[in-house]
Amino acid sequence: MNSRKATAVLALATALALGASACSSSDKTTDKGTGTSAGTDAALTQVVNKSDKAGGTVSYEHSDVPDSLDPGNTYYGWVQNFSRLYGRTLVTFKPAAGAEGLQIVPDLATGLGKASADAKTWTYTIRKDVKYEDGTLVTSKDVKYAIERSNFAPEALSNGPTYFKAYLVGGDAYKGPYKDKSPGGLASIETPDDSTIVFHLSKPFADFDYLATFSQTAPVPQAKDTGAQYVKHIMSTGPYKFESYDDGKSAVLVRNPMWSKAIDPLRPALPDKITMKFKVNGVTIDKDLLAGTITVDAAGAGVQPASQPSVLSAANKKNTDNSYAGATSYVALNVNVKPFDNPDCRKAVQWAIDKTSVQTAAGGNVKGDVATTLLPPSVNGYSKFDLYPTPGNKGDTTKAKAALTACGQPGGFTTNLSARSDRASEMAAATAIQNSLKAVGITVNIKSFPAGKYFSNFAGVPDYVHSHGLGMMMMAWGADWPTGYGFLDQIIDGSAIKPSGGNNLMELNDPTINKALSDAIANTDSAARTKAWGDIDKLTMENASVVPLLYRKNLLYRPPSATNVTVTQAFLGMYDYLLISSSK
Amino acid sequence: MTAPIETTAAQAGAQPEAILSGVKKSQIEGRSLGQIAWLRFRRDKVAVAGGIVVILLVLLAVLAKPIESIFGLDPNAFHQDLVDPVLLAPKGAWGGMSWEHPLGVDPQFGRDLLARVIEGSWVSLLVATGATILSNVIGTVLGVIAGYYGGWVDSVISRMMDTFLAFPLLLFAISISASLQDGAFGLDGLPLRICVLIFVIGFFNWPYMGRIVRGQTLSLREREFVEAARSLGARGPFILFRELLPNLVAPILVYSTLLIPTNIIFEAALSFLGVGIAPPQSSWGGMLTSAIDLYEADPQYMIVPGLAIFVTVLAFNLLGDGLRDALDPRSK
């Protein structure tokens with residue numbers, strides 16, 4: 001049909017035009033030296049539409065509701081990013097373009113954490129000039145209280161991660177500030193004076209600064225805390241405070257008069273107003289973005305598949321950014337399910353899978369790049385290598401068959417592959433894997449399970465996996481904080497094997513890998529630590545129980561009215577909400 | 001409602017041969033219920049067309065595998081070189097139509113759509129027919145018992161129907177399909193999935209049939225021929241299955257042809273929710289499911305299985321309407 005032909009022609013024209021504009025835009029950049037020129041993927045490496053004009057409204061829309069906007073009660077990446085507008089954490093990620101965005105910089109604290117030599121004691125000094133929106137001065141006790149309520153009181157605030165509980169001394173015994181009314185609170189967080197806070201950890205943990213970026217360290221005044229209801233009257237320490245908050249529907253933020261640039265070097269805080277709407281249909285959000293009536297899709301996970309053709313059309317593609325989502329999808333080969341107890345059988349799968357086919361099936365290159373390592377490129381510690389290189393990433397039948405022979409199954413074997421039935425692209429990837437393994441004689445039966453019960457009842461339950469012969473399991477993983485440890489700890493460490501709900505689907509319990517992980521996290525030398533994550537990644541790939549498929553990517557769209565737009569790698573490849581402003 | 005058919009059948013079936021022996025058969029031949037219905041049915045051109053399409057579809061479903069091998073169609077062969085990885089659509093116009101792939105290819109794997117529609121036909125029809133038969137058997141037996149015996153038997157069975165109708169069928173279908181992933185009842189893989197689908201769809205749809213049959217039975221059991229049988233000493237089971245059931249054939253047959261298309265759509269809905277047939281096996285519902293996400297990029301992918309379902313449902317409905325008119329002219 002004509003229109004379809006036209007689309008193809010348009011696509012080709014777009015590709016050519018983009019190629020041309022990419023060159024010209026980089027030229028422009030060097031000419032002006034401002035870094036403001038737009039273009040496809042421009043916001044991945046620079047701040048697009050740079051502006052220092054104050055005023056305007058940034059409007060967000062979200063297709064769902066957040067777990068909570070309370071900084072102490074959220075696990076969502078986008079709320080971690082967004083809450084920095086009204087909550088200052090001890091330290092945070094630098095609002096900057098490219099890899100610079102992975103740097104940690106002081107925010108409420110005056111400097112990064114000072115660690116003891118054994119990485120078990122961490123001390124922060126906080127600024128003496130930060131006030132809440134009602135004018136009360138922020139003290140270190142408020143930070144201590146915020147961490148206590150967010151990590152230790154699941155009866156009221158159950159959504160957030162509980163890393164502080166896991167690492168602080170006595171964390172397992174403390175019952176939280178709502179139940180335990182003792183004035184001292186948790187003994188392992190000390191506040192010797194109003195500007196000092198000291199954390200005592202039960203084991204060495206050199207990534208502690210990353211925990212201190214969590215929204216959970218944003219101060220909360222105990223006198224104003226109403227537990228689960230606090231979300232309705234959050235006390236702001238950032239440049240914006242809540243003018244209105246309608247649970248599950250909308251929120252409006254306006255300037256906080258107690259904040260000034262003098263006490264906050266990080267935030268440009270250009271817009272006068274920020275609006276947020278929840279429960280807007282995903283495709284509607286994309287249409288609003290294209291029409292320029294809103295500034296950002298708050299979820300930051302990219303446009304809907306149905307909108308992809310119009311977003312990628314010639315007129316719009318220059319305003320898209322295809323960012324790394326900080327997650328890798330992979331196949332976990334369970335080392336306790338035959339024949340994958342034999343490393344050569346695992347290697348046969350490594351060689352046989354046509355990753356390009358998987359990529360096409362999962363939605364093409366805008367959905368992800370072919371992966372050869374477990375760590376994605378946007379995580380501190382990523383090192384590029386490929387232990388099982390095949391031409392065009394299309395798999396190597398000869399090498400796969402040789403590996404099959406080495407493992408004593410020259411004719412192939414039959415196994416099961418689990419996938420989440422309600423994730424269309426995961427099911428499609430599984431189908432592509434099934435097809436490429438068929439070529440070497442491995443018969444794969446796909447078992448699909450609902451995503452909500454995938455870890456609690458099926459793939460995350462070793463007993464179920466063994467008794468049902470789930471040799472292969474589709475998996476995707478993103479880190480809670482962007483370092484090798486934040487990424488790897490929960491998926492390859494032997495201690496992460498749980499009777500139910502675990503994420504170490506391979507049941508990988510290799511003493512070398514376990515030791516390498518615990519050694520590295522105790523190392524306060526950050527360069528050595530960062531290098532170690534790449535080495536551990538390599539050890540995992542040598543074990544061959546993980547077949548990386550794709551580094552996930554988001555297809556983001558920035559309307560031309562959005563200014564100061566850049567992708568932050570620290571928050572799963574969404575735009576940096578501290579920087580973004582609007583010409584509208 | 002069934003009165004004229006009943007009398008015709010009684011006259012025709014009584015003893016015409018004995019009384020009218022010697023007369024040319026063709027002149028005075030008594031016409032059976034079936035023959036009369038067939039005559040009426042044949043006059044209804046639309047219904048005949050529906051019937052022909054249904055027969056063709058059944059032939060297609062039964063002969064799917066031989067047809068595929070004769071024409072060299074492979075529903076599971078990948079042709080990803082025919083797919084544009086950026087636009088999530090097949091290269092070329094009309095969803096990648098070509099002589100090699102007359103209906104185009106699917107946008108993720110480049111699998112031939114014609115082959116997949118043919119391959120999907122037997123799954124969809126088998127599930128729909130199987131489920132219809134299952135719900136008919138349960139519905140008819142329980143409905144006729146409830147209607148004939150009445151009293152507490154009727155109350156118990158009717159409440160049971162209410163319970164089943166109130167059951168959150170989709171939730172149950174999802175959980176049962178998810179929990180029966182592996183071998184069960186000595187079955188595995190595709191046969192198991194098909195049996196599970198037939199069971200889930202059929203077992204929870206019987207009350208609709210049950211209510212219709214119960215209502216018919218209620219009116220029939222007061223009729224003279226039933227009283228006559230009873231006065232001659234016939235017992236419950238005989239009356240149920242020899243007197244009542246034959247008179248219920250018409251509504252059962254009609255309702256079945258209308259239930260089959262509903263079940264085809266239900267199979268599609270279950271596949272849409274991801275608890276239908278496991279990949280790579282194609283089914284019409286499964287094809288629709290994956291097409292939904294990509295309709296803007298590749299409308300053809302949705303149109304092909306959509307048309308297949310549309311034509312099948314329409315043909316069964318026309319056939320059902322025609323059958324009803326033929327078997328039960330007063331309802332016209």
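Scoring rules and cut-offs
Residues numbered from 1 in each chain as written. Chains lettered and ligands numbered in written order. Predicted model: local features only at pLDDT ≥ 70, side-chain atom pairs only at ≥ 80, totals over all residues. Helix = DSSP H or I, 4+ residues; strand = E, 2+ residues; numbered from the N terminus. Buried ≥ 20, exposed ≤ 12 C-beta atoms within 10 Å, placed from the backbone. Contact = placed C-beta atoms within 7 Å. Rg over C-alpha atoms; globule rule 2.2 N^0.38 Å. Nonpolar A, V, L, I, M, F, W, Y, C, P; charged D, E, K, R; others polar. Pairing = 2+ DSSP bridges. Axes fitted to C-alpha atoms, helices over the stretch in contact; angles between N-to-C directions. Right-handed = clockwise from strand over helix to strand, strands pointing away. Parallel < 35°, antiparallel > 145°, perpendicular 65-115°, else oblique. Left-handed = near helix turned anticlockwise from the far one by under 90°. Core = buried A, V, L, I, M, F, W, Y, C linked by C-beta atoms within 7 Å. pLDDT = per-residue confidence, 0-100.

> Could you clarify how one ought to interpret the overall build of chain B in this entry?
Summing up its helical and strand segments, chain B has 15 helices and two strands in all. With 332 residues in all, chain B has 40% of them scored as buried. Sequence separation of 24 or more characterises 72% of the internal contacts of chain B that already satisfy a separation of 6 or more.

> In this structure, what is going on with the overall build of chain A? I would like to understand it.
Helix and strand counts for chain A stand at 16 helices and 21 strands. Taking 2.2 N^0.38 as the reference for a compact globule, 584 residues should give roughly 25 Å; the C-alpha atoms of chain A span a radius of gyration of 25 Å, in line with that estimate. Based on the C-alpha atoms only, the size of chain A along its principal axes is roughly 75 × 60 × 40 Å. Across the 584 residues of chain A, 52% fall into the buried class.

> Even after reading the chapter, I still don't get unusual backbone geometry, so can you show me in this structure?
It is generally the case that most residues other than glycine have a negative phi and that most peptide bonds are trans. All names here are of chain A. In this model, lysine 338 is joined to proline 339 through a cis peptide bond whose omega is 0°. Mapped onto the elements, proline 339 comes out in the loop between strand E12 (320-333) and helix H8 (343-352). You will see that alanine 269, though not glycine, has its phi angle at about 45°, which is positive. Looking at where alanine 269 falls in the secondary structure, it is placed in the loop between strand E9 (250-255) and strand E10 (273-277). You can call alanine 269 buried: it has 20 C-beta atoms within 10 Å. At glutamate 507, a residue that is not glycine, the phi angle is positive and equals roughly 55°. With respect to the helices and strands, glutamate 507 occurs in the loop between helix H14 (484-492) and helix H15 (511-521). Here glutamate 507 falls in the buried class, since 20 other C-beta atoms lie within 10 Å of it.

> How should I be thinking about the interface of chain B and chain A in this particular structure?
Between chain B and chain A, the contact holds 27 residues from the first and 32 residues from the second. When its residues are assigned to classes, the side of chain B that touches chain A shows 18 nonpolar, six polar and three charged.

> Please clarify how the sheet that holds strand E17 (residues 546-557) of chain A should be interpreted in this entry.
The strands making up a sheet associate through hydrogen bonds between their backbones, and the pairing can be parallel or antiparallel. Residue and element names in this part refer to chain A. The six strands are arranged E13-E17-E12-E16-E14-E15 in an open sheet whose pairing can be described as mixed. Strands with a single pairing partner mark the edges of an open sheet, and in this sheet they are strand E13 (368-370) and strand E15 (443-449). Here the strands of the sheet are splayed against their neighbours by 30° on average, with no regard to which way each runs.

> Honestly, the pairing of E15 of chain A in this entry has me stumped. Any pointers?
Two faces, one strand: in a regular strand the side chains alternate between the faces of the sheet. Residue and element names in this part refer to chain A. Extensive coverage of E15 is indicated by the burial of five of its seven residues. Alignment of strand E14 (residues 414-420) against E15, held across seven bridges, turns out to be parallel. Its bridge partner being in E15, serine 418 is matched across the sheet by lysine 447. For the crossover from E14 across helix H11 (residues 424-438) to E15, the handedness is right-handed.

> Just to check I follow, could you spell out the packing of H15 of chain A against helix H16 (residues 526-543) of chain A for this structure?
Residues and elements named next belong to chain A. With their axes 10 Å apart at the nearest point, H15 and H16 run at an angle of 170° to one another. Taken together, the axes of H15 and H16 lie roughly antiparallel to each other. Listed contacts from H16 to Thr512, Ile513, Ala516, Leu517 and Ala520 of H15 are Arg529, Ala532, Trp533, Asp535, Ile536, Leu539 and Thr540. Of the residues that constitute the contact of H15 with H16, the class distribution is eight nonpolar, two polar and two charged.

> Sorry if this is basic, but what is going on with the packing of helix H4 (residues 33-43) of chain B against helix H15 (residues 299-327) of chain B here?
For any two helices packed against each other, the geometry comes down to the angle between their axes and how far apart the axes lie. Residues and elements named next belong to chain B. Between H4 and H15, the least distance of the axes is 8 Å, while the angle of their chain directions is 130°. As summarised for this structure, H4 and H15 are arranged oblique, according to the angle between their axes. Where H4 crosses over H15, the handedness of that crossing is right-handed. Residues Ala37, Arg40 and Phe41 of H4 pack against Gly322, Leu323, Asp325, Ala326 and Leu327 of H15.

> Would you mind going over the nonpolar core with me for this structure?
Note that soluble globular proteins tend to have their nonpolar side chains buried in a common cluster. By size, the foremost hydrophobic cluster in this structure holds 235 residues, and its most contacted members are Val331, Ala429 and Ile433 of chain A. A per-element tally of this core places helix H7 (residues 113-149) of chain B first, with 14 residues. Setting aside its immediate chain neighbours within four residues, isoleucine 433 of chain A contacts Val331, Ile353, Val358, Leu417 and Val444 of chain A.

> How should the environment of glycine 282 of chain A be read in this particular structure?
All names here are of chain A. Following the sequence through the fold, glycine 282 ends up in helix H6 (residues 282-291). The class of glycine 282 is partly exposed, set by 19 C-beta atoms lying within 10 Å. For the pair glycine 282 and proline 389, spaced 107 residues apart in sequence, the C-alpha separation works out to 38 Å.

> Please explain the sheet that holds strand E4 (residues 114-115) of chain A as it appears in this structure.
All names here are of chain A. Pairing within the open sheet is antiparallel, and its four strands lie in the order E4-E5-E7-E6. Looking at which strands have only one partner, the edges of the open sheet turn out to be E4 and strand E6 (189-190). The pairing of E6 with strand E7 (residues 196-200) spans two bridges and is antiparallel. Paired with isoleucine 189 across the two strands is phenylalanine 199, which belongs to E7. Along the sheet, helix H3 (residues 140-152) makes contact with E6 and E7, crossing E7 at roughly 35°.

> Please clarify how the environment of methionine 97 of chain B should be interpreted in this entry.
Residue and element names in this part refer to chain B. Looking at the element boundaries, methionine 97 is found in the loop between strand E2 (89-90) and H7. Spatially, the C-alpha atoms of methionine 97 and arginine 159 are 54 Å apart, while their sequence positions differ by 62 residues. Setting aside residues up to four positions removed in sequence, methionine 97 forms contacts with Pro102, Leu103 and Gly104.

> Looking at this structure, I do not really get the confidence of the model for chain B. What am I missing?
A low pLDDT score tells you not to read the predicted coordinates there in detail. Residues and elements named next belong to chain B. Per-residue confidence for chain B averages 81 on the pLDDT scale, and 86% of its residues sit at or above 70. For the stretch residues 1-13, pLDDT sits under 50, and the model shows 14 contacts to residues farther than four places along the chain or on other chains. Overall fold confidence (pTM) sits at 0.79, and the ipTM for the predicted complex is 0.72.

> I keep staring at the pairing of E10 of chain A and nothing clicks. Help me out?
Residue and element names in this part refer to chain A. Every second residue of E10 is oriented toward a common face, the buried set being Ile274 and Met276 and the non-buried set Lys273, Thr275 and Lys277. Both strand E1 (residues 57-61) and E10 contribute to a ladder of five bridges, which runs parallel. Within E10, the position partnered with tyrosine 60 by the bridge is methionine 276. Taken together, the five bridges between E9 and E10 define a ladder with antiparallel strand orientation. By the bridge assignment, alanine 251 is partnered in E10 with methionine 276.

> Is there a simple way to think about the confidence of the model for chain A in this case?
When pLDDT is averaged along chain A, the result is 89, and 94% of the positions lie at 70 or above. This model gives residues 1-36 of chain A a pLDDT under 50, and the stretch forms 33 contacts once residues within four places in sequence are excluded.

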